[in-house]
Number of protein chains: 2
Amino acid sequence: VLNEFGLIEHLRSRFAAQGRVELGIGDDAALLRLASPGAAVLVTVDLVAEGTHFLMPPATPRQVGRKALAVNLSDIAAMAGRPETAFVAVALPRPRGSEFALELFEGMAELAAEFDVAVAGGDTNIWDGPLVISITLLGTATGRGPVLRRGARPGDWLMVTGPLGGSLSGRHLAFTPRIHAAQQIHQTVELHALIDLSDGLSRDLPHLTTEQGLGATVEARHVPIHPDVPVHLPFETRLRHALDDGEDFELLLAVSPEDGQRLLDAPPPGVTIVRIGEVTAAPARCLLRSPDGREEPLTAGGYEHRF
Amino acid sequence: VLNEFGLIEHLRSRFAAQGRVELGIGDDAALLRLASPGAAVLVTVDLVAEGTHFLMPPATPRQVGRKALAVNLSDIAAMAGRPETAFVAVALPRPRGSEFALELFEGMAELAAEFDVAVAGGDTNIWDGPLVISITLLGTATGRGPVLRRGARPGDWLMVTGPLGGSLSGRHLAFTPRIHAAQQIHQTVELHALIDLSDGLSRDLPHLTTEQGLGATVEARHVPIHPDVPVHLPFETRLRHALDDGEDFELLLAVSPEDGQRLLDAPPPGVTIVRIGEVTAAPARCLLRSPDGREEPLTAGGYEHRF
């Protein structure tokens, strides 16, 4: 059994400074040299909390550690950037002990290694509350620059990198952040706008459209529904799962029709790409077109976080 | 009353991107150009949690917001660096409502403005647990480079930037991070090693000494005891408060005797500096020398965080 200082000592050797990290865990601050000193620095932070973003059980500490980093990687993917260095702050539930903490960090370490991310610092706290993990991830834009939420144009195709819905049955703990897909697509075509789907398509689409003074039409029959959504349900119910469930962590992108067609004709290796609709010039009108051609407002479903 | 999205909208205008922040709150990640593109980047993260780092009451949300940023500023001070950009992740207790959240962010905003720190992003969550704030602060080293915990030499003087002890009676919510003192001292002399006193002198001193294969002798009669430690207590009790209480957020530094004398003779404007002892070559022997010349091990007191 380790105390807080023992745990920090363990993390210090587990995440020894190397490469771009001049000074990692163990001083008052970390010291970095960024891979591309001239490039813009991307920074994202996500906090995940027990009872809100996951339940334990069914989630294991290893899965939760992985997820806490994965949601940050997804944010860097949504800028079409390269992840570099992570900083991990945790509030660890005292009764669960140090073995739990070690498992948590192993889950992070595995995903960090997979994406060549260095864990360079953090803050380890033991308390009597539920598990809270806040990770800050630094990255850099690729040579083609970052891709923002703004930039879509009327007539652009809206595309997603995979099927949606049903994530909370387990996929939200094991999804692959679309870092590689974003970089591949970014190299292949001119991405106008990009976001990752964390709150559900119906809630996230307005960030690319309504907030930019634009609208959208989504074709119900083109929305890819994930096999995690039970097949015995009626189509309308399955569609609402795909639109509203959230935690898909697929990318939603806007590209010109020519670039969209290019992606459909020759998707980059290993990248799934599906056209789901298009951007319109109608301000703030996000529509859902049903298979019979009827159009209705695409209302934001899913969970709204309120006081 | 604001929901989560309303709150984010508020923060987006309250912390509008400017200067070194190309893209602030409102996209998937922030986009920064660092003030000194060639310089090393300093990164620190601190998580503060209700019940562990503060109690509410007596602390107000504005005080807690201020403190959450102040502890990070103290870490950048402990590298003699310049703070630049902060990222704020919060888990807000649902029952306390949005007014509470706004006050919390105002407390941060005031201190950020005082130290020219931009709040460039974060993650806002509403949950049913206690208040948790995790702030990541990016900074840069000054032209004279960062100052680490390692680097002290036998014979160095140990000095602190102010009186110690009694912080938990209220000062821990209102302390001034020693950013300016650190920079002033760093310009004036050659700092060998530097740390901020968060866990108490008896716990933090070994980071500069024991962990570097060195020892220290601290002169009990030279340890400055803060007026927050009740004067009616016996000297020994008051001294233990100064050594063990923690949350002083003064700096502890090691400099050559010549540089130490220079600092005593002509302290930089507005900087308090007190000599409390010296570094020795005796590995892992931190001693406390009492006024009558008796030496005893300086044991680590204060609170140890355990599972």
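In what follows, the structure referred to is the one given above.
The paragraphs below set out a description of the structure included in this document. (Residues numbered from 1 in each chain as written. Chains lettered and ligands numbered in written order. Predicted model: local features only at pLDDT ≥ 70, side-chain atom pairs only at ≥ 80, totals over all residues. Heavy atoms only, no water.)

Examining the overall build of chain A
Keep this limit in mind: Secondary structure counts use DSSP, requiring at least four H or I residues in a row for a helix and at least two E residues in a row for a strand, with both numbered from the N terminus. For this measure, only C-alpha atoms enter the radius of gyration; the expected value for a globule follows 2.2 Å times N^0.38, where N is the number of residues. For each residue, the accessible area found with a 1.4 Å probe, counting protein chains only, is set against the maximum for its type, and the residue is called buried under 20%, exposed over 50%, and partly exposed in between. Throughout, a residue-residue contact means that at least one pair of heavy atoms, one from each residue, lies within 4.5 Å.
Tallying secondary structure elements over chain A gives seven helices and 13 strands in all. Relative to a compact globule of 307 residues, whose C-alpha radius of gyration would be 19 Å, chain A shows 20 Å and is just as compact. The buried share of chain A, reckoned over its 307 residues, is 60%. For chain A, long-range pairs separated by at least 24 residues make up 84% of all intrachain contacts whose partners lie at least 6 apart in sequence.

Some remarks on the nonpolar core
Definition in use: Within this scheme, the nonpolar core is defined by two criteria: the residues are buried Ala, Val, Leu, Ile, Met, Phe, Trp, Tyr or Cys, and they are joined through side-chain atoms within 4.5 Å.
Ranked by internal contacts, the top residues of the largest apolar core, which has 64 residues, are Leu131, Ile133 and Leu253 of chain B. At nine residues, the largest contribution of residues to this core is made by helix 3 (residues 97-114) of chain B. Discounting chain neighbours no more than four positions away, the residues touching isoleucine 133 of chain B are Asp46, Leu47, Val48, Val64, Ala68, Val88, Ala89, Val90, Leu104 and Met108 of chain B. Phe54, Phe100, Met108 and Leu194 of chain A belong to the second largest nonpolar core, which has 63 residues in total.

What about the environment of valine 229 of chain B?
Residues and elements named next belong to chain B. For valine 229, the position within the fold is in the loop between strand 9 (215-219) and helix 6 (235-244). The exposure class of valine 229 is buried, given its relative accessible area of 1%. The spatial distance from the C-alpha of valine 229 to the C-alpha of leucine 137 is 31 Å, given a sequence separation of 92 residues. The contacts of valine 229, once residues within four sequence positions are left out, are Leu164, Gly165, Gly166, Arg238 and His241.

A closer look at the interface of chain A and chain B
Much of the literature gives interface size as the accessible area that the parts lose upon coming together. Let me state the cut-off plainly: Buried area is calculated as the accessible area (1.4 Å probe) missing from two parts once they are joined, with the contributions of both summed. Here, a salt bridge means any Lys or Arg side-chain nitrogen found within 4 Å of an Asp or Glu carboxyl oxygen. Polar contact criterion, stated in full: a pair of N or O atoms within 3.5 Å, where within protein one must be able to donate a hydrogen and the other to accept it, and residues adjacent in sequence count only if both atoms are side-chain atoms. Polar here means any residue other than Ala, Val, Leu, Ile, Met, Phe, Trp, Tyr, Cys and Pro, which are nonpolar, and Asp, Glu, Lys and Arg, which are charged; Gly is therefore polar.
Contacts between chain A and chain B engage 70 residues on the former and 70 residues on the latter. Between chain A and chain B, a total of about 5,600 Å² is buried, with carbon and sulfur atoms accounting for 60% of that surface. For chain A, the biggest contributors to the area lost against chain B are Asp28, Trp127 and Phe307 of chain A; these three give 16% of the whole. Across the pair aspartate 28 of chain B and arginine 149 of chain A runs a salt bridge whose closest N-O atoms are separated by 3.0 Å. The interface formed by chain A and chain B includes 18 residue pairs in polar contact (both at pLDDT 80 or more). If you tally residues by element for the side of chain A that touches chain B, the top one is strand 3 (residues 41-49) of chain A, at eight residues. In terms of residue class, the side of chain A that touches chain B is made up of 39 nonpolar, 13 polar and 18 charged.

A word on the relation of the copies chain A and chain B
Here is the rule we go by: Residues below a pLDDT of 70 in either copy are left out; the C-alpha atoms of the rest, at least 70 in both, set the least-squares superposition of the copies.
In the superposition of chain A on chain B (RMSD 0.0 Å, axial shift 0.0 Å), the rotation amounts to 180 degrees. Such values leave the two copies arranged in the relation of a two-fold axis. In this assembly, 100% of the residues forming the interface of chain A have copies in chain B that are likewise at the interface, indicating an isologous arrangement.

Focus: the environment of isoleucine 8 of chain B
All names here are of chain B. Along the polypeptide, isoleucine 8 turns up in helix 1 (residues 4-14). For the pair isoleucine 8 and glutamine 63, spaced 55 residues apart in the sequence, the C-alpha separation amounts to 21 Å. Apart from the residues lying within four places of it in its own chain, the contact partners of isoleucine 8 are Ile25 and Thr124.

What about the sheet that holds strand 3 (residues 41-49) of chain B?
Selection rule: Paired strands are those between which DSSP finds at least two bridges. Angles here are taken between N-to-C directions and fall from 0 to 180 degrees, while the axes themselves are lines fitted to C-alpha atoms, restricted in helices to the stretch in contact.
If you trace the six strands from one edge of the open sheet to the other, you get 1(A)-2(A)-3(B)-6(B)-4(B)-5(B), paired in mixed fashion. Sheet topology places strand 1 (21-23) of chain A together with strand 5 (118-127) of chain B at the edges, where each strand pairs with a single neighbour. Ignoring strand direction, the axes of neighbouring strands in this sheet form an average angle of 25 degrees. Looking at chain direction, strand 4 (residues 81-93) of chain B and strand 5 of chain B are connected through nine bridges and run parallel. Looking at the pairing, valine 90 of chain B lines up with threonine 124 of chain B of strand 5 of chain B.

Overview of the sheet that holds strand 11 (residues 274-280) of chain A
Strand-to-strand pairing in sheets goes through backbone hydrogen bonds, with the strands running parallel or antiparallel. Residues and elements named next belong to chain A. Read across the open sheet, the seven strands follow the order 8-10-7-11-9-12-13; overall the sheet is mixed. Of all the strands in the sheet, just strand 8 (193-196) and strand 13 (295-297) have a single pairing partner and so form its edges. When the angles between neighbouring strand axes are averaged without regard to direction, this sheet yields 25 degrees. Relative to strand 10 (residues 251-255), strand 7 (residues 157-160) runs antiparallel, the two being bridged by four bridges. What sits directly across from valine 160, in strand 10, is leucine 252.

So, the pattern of salt bridges
Residues and elements named next belong to chain A. Considering all chains together, one arrives at 46 salt bridges over all chains under this definition. Arginine 62 serves as the salt-bridge partner of glutamate 110, at 2.3 Å between the closest nitrogen and oxygen. With a gap of 48 residues between them, glutamate 110 in helix 3 (residues 97-114) and arginine 62 in helix 2 (residues 61-77) connect regions that are remote in the sequence. The closest approach of N and O atoms between arginine 240 and aspartate 244, which form a salt bridge, is 3.0 Å. In this pair, arginine 240 and aspartate 244 are both assigned in helix 6 (residues 235-244), four residues apart and thus about one turn of the helix distant. Judged by its relative accessible area of 25%, arginine 240 falls in the partly exposed class.

Notes on the packing of helix 1 of chain B against helix 3 of chain B
Residues and elements named next belong to chain B. Put simply, the rule is: Orientation is classified from the angle alone, with under 35 degrees giving roughly parallel, over 145 giving roughly antiparallel, 65 to 115 giving roughly perpendicular, and any other angle giving oblique. A crossing counts as left-handed when the near helix is turned anticlockwise from the far one by less than a right angle, and as right-handed when that turn is clockwise.
Taken N-terminus to C-terminus, the directions of helix 1 and helix 3 make an angle of 20 degrees; their axes are 11 Å apart at the nearest point. Our classification of the angle between helix 1 and helix 3 gives roughly parallel. Helix 1 and helix 3 meet at a crossing whose hand is right-handed. From helix 1, Leu7, His10, Leu11 and Arg14 reach across to helix 3, where they touch Ala101, Leu102, Phe105, Glu106 and Ala109.

Let's talk about helix 7 (residues 257-265) of chain B
Residue and element names in this part refer to chain B. Quick note on the threshold: An arc is given here, and it is the one of the directions from the helix axis to the C-beta atoms.
Within the sequence span of helix 7, burial applies to Asp259, Gly260 and Leu263. Down the axis of helix 7, the buried side of the element spans an arc of 105 degrees, and every buried residue falls inside it. Projecting away from the buried face of helix 7 at angles above 90 degrees are the exposed residues Glu258 and Asp265.

What about unusual backbone geometry?
Along the chain, methionine 56 of chain B connects to proline 57 of chain B via a cis peptide bond; the corresponding omega equals -15 degrees. When you line up the elements, proline 57 of chain B lands in the loop between strand 3 and helix 2 (61-77). Here the amide bond leading from proline 57 of chain B into proline 58 of chain B is cis, since omega sits at 15 degrees, within 30 degrees of zero. In this structure, proline 58 of chain B sits in the loop between strand 3 and helix 2. Of note in the backbone geometry, phenylalanine 249 of chain A takes a positive phi value of approximately 55 degrees without being a glycine.

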